[in-house]
Every structure is written in C-alpha cells, then in structure tokens.
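# Residue-level structure breakdown
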Amino acid sequence: MSFISILLFIFGFLAYFNRQKYITLIVIALLSTSYFGFFNNVSYIGPISIQHGDFALLLIFSLLPFRTKVHNTQLRGINRALSLFFIFLVVSIFYDFFMRDTSAMQIFRTTRELGYLAFFLLIQSFKYDDYKKLIIPLTFFTVFHSFLYISQYVFDYSLSGNFIENELGGMRYGGIPPYIIPVFIIVLFGLFRLRNMKLLKYLVIIVFCITILLSQSRGLIISAIAAFCLYVYFKDKIGVNVVFLTLPLLFVGFILVQTYFPIIGERFMDLYSQTGLVRDMDYTNLQSFFHEGSFIFRWGVTYERFMHVIEEPMRMVLGVGFIPDIDIVSPIFTLGTHSPMLPIGFEQYNSVDIMFPNIITRYGIMGSLIFLYLLFQLFKFSFRIKYLHWGKVLFTYLCSMLFISLINESFYNGKYFFLIFVIIGLTISASKKSTLSANLQ
C-alpha cells in the first residue's frame, strides 16, 4: 500500500497545477483516513514504517509555497488563534527537545497529525467547484460504506476484524464510516440543494441513522440528535403538519429501537446512572473508576491527568512533553485505555476515549486554553455566518463534534480539522460566488 500512497501523493500534487485541484482534496481525504479505514494505517517501505496519513501531510506542506494568498477579514480571528497555537507549539517542542531530551522522531510521531491544521492556509487556493467535487463522491462513498457496515449485523461477519461484545451479550462491530456525522449533516441540510431528490435524501438519512444506531455509540447518537435539532432550529418555517408528523415518527422510532435493539436503551440508562456517581466516587481510589462504566472511567482519566499536570509548574505551562505512549515502559497513571500494542498495555498520556485528557497532558493548562481559544474562534466564525447554507452546516458540525469529544479524541486529532476547513472553504467560496452573481445582475 505504501507504493499506492506514493503514487497518490504524486497524482494529488500534479493535479493541483493542472486545474484539477479537486483530485488533490480527494487524495488528502483518502490518505488521511487510511483509505476510509479499510487498510492498516501503518505500512512499510523496506524497514521503515510510515503512515498513509504522512503522505497527506507531505502533500499539504508541499503545496504551501504555491498557495493563493488572499487576505480575508472574516478569517482574521481563526488566523490569529491558529498563529498563537503554532507559536505555543514551537516553544513547547523546543523545550521538550532541549530540556527533556525527547528525540525529534518522538516529537514528530506525537505531533504529526497537528500538521492538518496547516490546511487552513490552503483553503482559499481551492474554488467552490473543487470542494463540491470532493463532497459529492465523499457522500456517495459514505453511503456505500454505511451499507457495508449494516451488512455486518445482517450476515454476522466483521468488516475490519474489530468487534466486541456489548453489555447484553450481542455484537458491536467497528469500522464505522469516518465521515458519517459530517456527511449526515450535509445531506440533512441538502446536498448542494439538489432538486427532485427528496425521496433519495430521506432514504440516505434513514441509512445513516441505522448505521449510527448500530454503532451503539452514545456519543455518535447524541451528536446525530443534536445535529437534527439544530437542523430543525435553522429551518425558516416549521409548519404544524411537520410537528404532528415528526413527533409520532420519533415515538414509533423509539419503540422500534427499544423492541428490536434494546442495547441502546440499556446503554443510555447506564449513562444516566453513571452521571449520578461522579460526586460520590472515591477519588483516592482511582482503581474503582475502572468498574463503574465508561463515563465514570473517562471522568477518572481526565481527573487523574489534570492532577498530574498541576503538580509541576512547567507541566502547567507547556504540558508533559511529546514522548509517544509506545516509548513509555513503566506506568505513570492508574487509569488508562487498554491498548495491547503498547509496552505496558495501557495508554498513558493519550486516550482514544476522550479529548480532554489529551490536550491537558500534551499542552498543559496554558496550552489547553490556547487550543480552546482556537475552537472558540471556529465556533464564533460559524455562528456569524450561520445565515449562509454552508455556515449552518459548519456550525452544526462543530456542535456535534463537542458531543463526539466525549467518546473519542475528536478535536485533538488533527485529521478532523481537514473537513472543518473544507466546509469553511465552501462557505467562503459560495459567498464569493453569490456576491459575484449578484453584481453581474
């Protein structure tokens, strides 16, 4: 696969200069997700291991000297926050390298995915049609991937080899489409407002809803519900007939889910009971957090990392450093996400289960505040342009990401910023396009 990734990198680079820039975007999407999760993220060139996403990052950085430089006052806040975060990151990396003796390769392995933030500098190098030609095939492939994901439960096989047993003894399969939430939102608001396709839109939304339910992920389900609620809120007019039609459908859907897929209700009831335990847990016995459910476990992981960081002034300012978890050979914390690939069997500074411990440990308190300031500027921008079609999509996606951050690393993983910046690019280019059309008329 490394050979194919190299070819795609070359193809994507050349396409940028041949008026086929949408191919560049498609290549970045393919490589950054390891071909949408269908292939192992790590491949080998001789004895050297490399990730497919590294070629996506290389493509982004190799195009920076050729980017279109346009000063856009709308993006000033994001640009300022991003510059501040990059300055913090450089200072933190230098301190880690010279004072903590972390090697350059270790730092690269830990910070590599932050390179996707650099795509922000490229967003105005692509036109509306370029972004459109990325979103449409991305949507079709996500639909296809969703059918494959559903088929696992129909034919009792594992698409990715990743599956676990849920609380009621049933199967819970991995391999969820990586872009299902943003694509669900895009289809919900109307895929480029295509006409005479309402029936197809509803069918696709149903397929996505089934896929999200089958994932049995409370974070995904809540984020999808939040997206739907924001969609309803953003609609200019909601007729009485829509309300009377929607409420019975939601009730019927709830009954069907409870009858044929009771694990969803079970997991949400378990979540409700766990929230009541937060205040009563014994914080001097963190080992007990392993046994009270995933929400309590995530809360304990966050608490333990926070307490570790505030013990030392430099940790508070710059974080613990960028040594990868795979190079840690003795336990630092009581709680950690199980990972058989690591020497001690548990993640230490990183966690795939929740975003907040990651930014607390890696960036410290000060760095976390800078990073949250960047997220605030993204939300502020999306809120300001929510009167635009793609502005609504962006604001809804960012809100849904907040819920996803409770069940995975979300914003900490720089890959997520690629599609966020794509939607920002769509918003800006669509705004320019409509302004130009108005001036011509």
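For the structure, see preceding data.
Let me sum up the structure you'll find in this document. (Residues numbered from 1 in each chain as written. Predicted model: local features only at pLDDT ≥ 70, side-chain atom pairs only at ≥ 80, totals over all residues. Heavy atoms only, no water.)

### A few points about the overall build of the chain
For the chain, the helix and strand inventory stands at 16 helices and four strands. Relative to its full complement of 441 residues, the chain shows a buried share of 50%. A fraction of 71% describes how many contacts in the chain between residues 6 or more apart in sequence connect residues 24 or more apart. Of the roughly 22200 Å² of accessible surface on the chain, a fraction of 67% belongs to carbon and sulfur atoms. (Helix = DSSP H or I, 4+ residues; strand = E, 2+ residues; numbered from the N terminus. Buried < 20%, exposed > 50% of the residue type's maximum accessible area, 1.4 Å probe, protein only. Contact = heavy atoms within 4.5 Å. Areas by Shrake-Rupley, 256 points an atom, 1.4 Å probe, with all protein chains shown as cover.)

### Focus on unusual backbone geometry
The phi dihedral of Arg 19 is positive, around 60°, even though this residue is not glycine. Position of Arg 19 relative to the elements: it lies in the loop between helix 1 (2-16) and helix 2 (21-32). Among the residues examined, Arg 19 registers a relative accessible area of 82% and is labelled exposed.

### With respect to helix 6 (residues 128-155)
Spanning 28 residues, helix 6 covers 41 Å between terminal C-alpha atoms, matching the ideal 40 Å at 1.5 Å per step. In the stretch just after helix 6, Asp 156 is the one whose phi turns positive, near 55°. (Expected span 1.5 Å × (residues − 1).)

### Brief notes about a nonpolar patch on the surface
Residues Met 1, Phe 3, Ile 4, Leu 7, Ile 10, Leu 14, Phe 38 and Phe 39 make up a contiguous nonpolar surface patch of roughly 730 Å² in combined accessible area. Following the sequence through the fold, Phe 38 ends up in the loop between helix 2 and strand 1 (42-45). The partly exposed category is assigned to Phe 38, whose relative accessible area is 31%. (Patch = residues over 30% accessible without salt bridge, like charges linked within 9 Å, V, L, I, M, F, W, Y side chains within 5 Å. Salt bridge = Lys/Arg side-chain N within 4 Å of Asp/Glu carboxyl O.)

### Thoughts on the side chain of Ser 351
The residue Ser 351 is located in the loop between helix 13 (313-318) and helix 14 (356-384) in this model. Among the polar contacts listed, one links the side chain of Ser 351 to the backbone nitrogen of Asp 353, at a separation of 3.2 Å. Beyond its immediate chain neighbours, meaning those up to four positions away, Ser 351 contacts Thr 337, Asn 358 and Glu 409. (Polar contact = N/O pair within 3.5 Å; in protein donor to acceptor, adjacent residues only side chain to side chain.)

### Some details on helix 8 (residues 198-215)
A rise of 1.5 Å per residue sets the reference length of helix 8, with its 18 residues, at 26 Å; its end C-alpha atoms lie 26 Å apart and thus fit the reference within 8%. Within the span of helix 8, buried status applies to Val 204, Ile 205, Val 207, Phe 208, Thr 211, Ile 212, Leu 214 and Ser 215. At its buried positions, helix 8 is contacted by helix 6, strand 4 (171-173), helix 7 (180-189) and helix 9 (218-234). Once helix 8 finishes, Gln 216 follows within two positions and takes phi at roughly 60°, a positive value.

### Concerning the nonpolar core
Among the nonpolar cores identified, the biggest contains 116 residues, and Phe 119, Ile 420, Phe 421 and Ile 424 are the most heavily contacted of them. Looking at this core element by element, the count peaks at eleven residues for helix 16 (residues 415-440). Here Phe 119 is in contact with Leu 25, Ile 28, Ile 60, Phe 126, Phe 418, Phe 421 and Val 422, once residues within four sequence places are set aside. (Core = buried A, V, L, I, M, F, W, Y, C linked by side-chain atoms within 4.5 Å.)

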